[in-house]
Amino acid sequence: MSSVIQVTDSTFQALVIDSELPVVVDIWASWCGPCKAIAPILEQLSEEYAGRVKIAKIEELLG
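Residues numbered from 1 in each chain as written. Predicted model: local features only at pLDDT ≥ 70, side-chain atom pairs only at ≥ 80, totals over all residues. Heavy atoms only, no water.

Participant: Quick rundown of the packing of aromatic side chains? Include the residues and the values.
Facilitator: On inspection of all chains with the given rule, the structure shows zero aromatic pairs. The aromatic ring of W28 is capped on one face by K57, whose charged end is 5.0 Å from the ring centroid. (Phe/Tyr/Trp six-rings, centres within 6.5 Å; stacked < 30°, edge-to-face > 60°. Lys NZ or Arg CZ within 6 Å of the ring centre and 35° of its normal.)

Here's what the structure looks like:
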(Lines give C-alpha, C1' and ligand atoms only; values in the text may rest on other atoms or scores of the structure.)
Protein backbone atom coordinates (compact mmCIF):
# COMPACT_ATOMS: atom_id res chain seq x y z
CA MET A 1 0.00 0.00 0.00
CA SER A 2 1.28 3.44 -0.94
CA SER A 3 2.16 5.98 1.68
CA VAL A 4 2.53 8.80 -0.86
CA ILE A 5 0.51 11.82 0.27
CA GLN A 6 -1.43 13.84 -2.31
CA VAL A 7 -0.97 17.54 -1.52
CA THR A 8 -2.86 20.57 -2.80
CA ASP A 9 -2.34 24.28 -2.32
CA SER A 10 -4.84 24.23 0.53
CA THR A 11 -3.22 21.26 2.34
CA PHE A 12 0.45 22.11 1.73
CA GLN A 13 0.93 24.02 4.99
CA ALA A 14 -0.54 21.30 7.19
CA LEU A 15 0.92 18.27 5.41
CA VAL A 16 4.36 19.57 4.42
CA ILE A 17 5.39 22.74 6.29
CA ASP A 18 3.95 21.69 9.65
CA SER A 19 5.06 18.04 9.38
CA GLU A 20 7.10 16.64 12.23
CA LEU A 21 8.87 14.32 9.78
CA PRO A 22 11.08 15.35 6.85
CA VAL A 23 9.08 15.56 3.62
CA VAL A 24 10.19 14.92 0.03
CA VAL A 25 7.85 16.79 -2.32
CA ASP A 26 7.48 15.61 -5.92
CA ILE A 27 6.13 18.41 -8.11
CA TRP A 28 4.78 16.51 -11.09
CA ALA A 29 2.68 17.04 -14.21
CA SER A 30 0.50 14.59 -16.11
CA TRP A 31 2.27 15.42 -19.41
CA CYS A 32 5.78 14.83 -17.96
CA GLY A 33 7.42 11.53 -18.97
CA PRO A 34 10.17 11.63 -16.31
CA CYS A 35 7.50 12.36 -13.67
CA LYS A 36 5.67 9.19 -14.66
CA ALA A 37 8.92 7.21 -14.70
CA ILE A 38 9.88 8.19 -11.15
CA ALA A 39 6.39 7.57 -9.66
CA PRO A 40 6.93 3.83 -8.91
CA ILE A 41 10.25 4.63 -7.22
CA LEU A 42 8.59 7.20 -4.99
CA GLU A 43 5.85 4.68 -4.15
CA GLN A 44 8.49 2.15 -3.12
CA LEU A 45 10.43 4.70 -1.05
CA SER A 46 7.22 5.80 0.70
CA GLU A 47 6.69 2.25 1.90
CA GLU A 48 10.32 1.61 2.76
CA TYR A 49 10.69 4.81 4.80
CA ALA A 50 7.16 4.95 6.27
CA GLY A 51 7.20 6.56 9.68
CA ARG A 52 10.60 8.19 9.08
CA VAL A 53 10.08 10.31 5.96
CA LYS A 54 6.95 11.45 4.13
CA ILE A 55 6.75 11.41 0.36
CA ALA A 56 4.28 13.97 -1.00
CA LYS A 57 3.10 14.77 -4.53
CA ILE A 58 1.64 18.01 -5.82
CA GLU A 59 0.52 18.47 -9.40
CA GLU A 60 1.94 21.42 -11.31
CA LEU A 61 -0.93 22.77 -13.35
CA LEU A 62 0.80 25.59 -15.22
CA GLY A 63 2.35 23.39 -17.97
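Text resumes after the structure shown.
Participant: Hey, could you go over the environment of G51 for me, with residue numbers and the actual values?
Facilitator: As for its position among the elements, G51 is in the loop between α2 (33–48) and β3 (54–59). For the pair G51 and S3, spaced 48 residues apart in sequence, the C-alpha separation works out to 9.5 Å. (Helix = DSSP H or I, 4+ residues; strand = E, 2+ residues; numbered from the N terminus.)

Participant: So what's going on with the sheet that holds strand β1 (residues 5–6)? Which residues, and what values?
Facilitator: Reading across the sheet, the three strands line up as β1-β3-β2 and stay open at both edges, with parallel pairing between neighbours. Only two strands of the sheet have a single partner each, and these edge strands are β1 and β2 (23–28). Lying over the sheet, α2 contacts β2 and β3, oriented at roughly 150 degrees with respect to β3. (Pairing = 2+ DSSP bridges. Contact = heavy atoms within 4.5 Å. Axes fitted to C-alpha atoms, helices over the stretch in contact; angles between N-to-C directions.)

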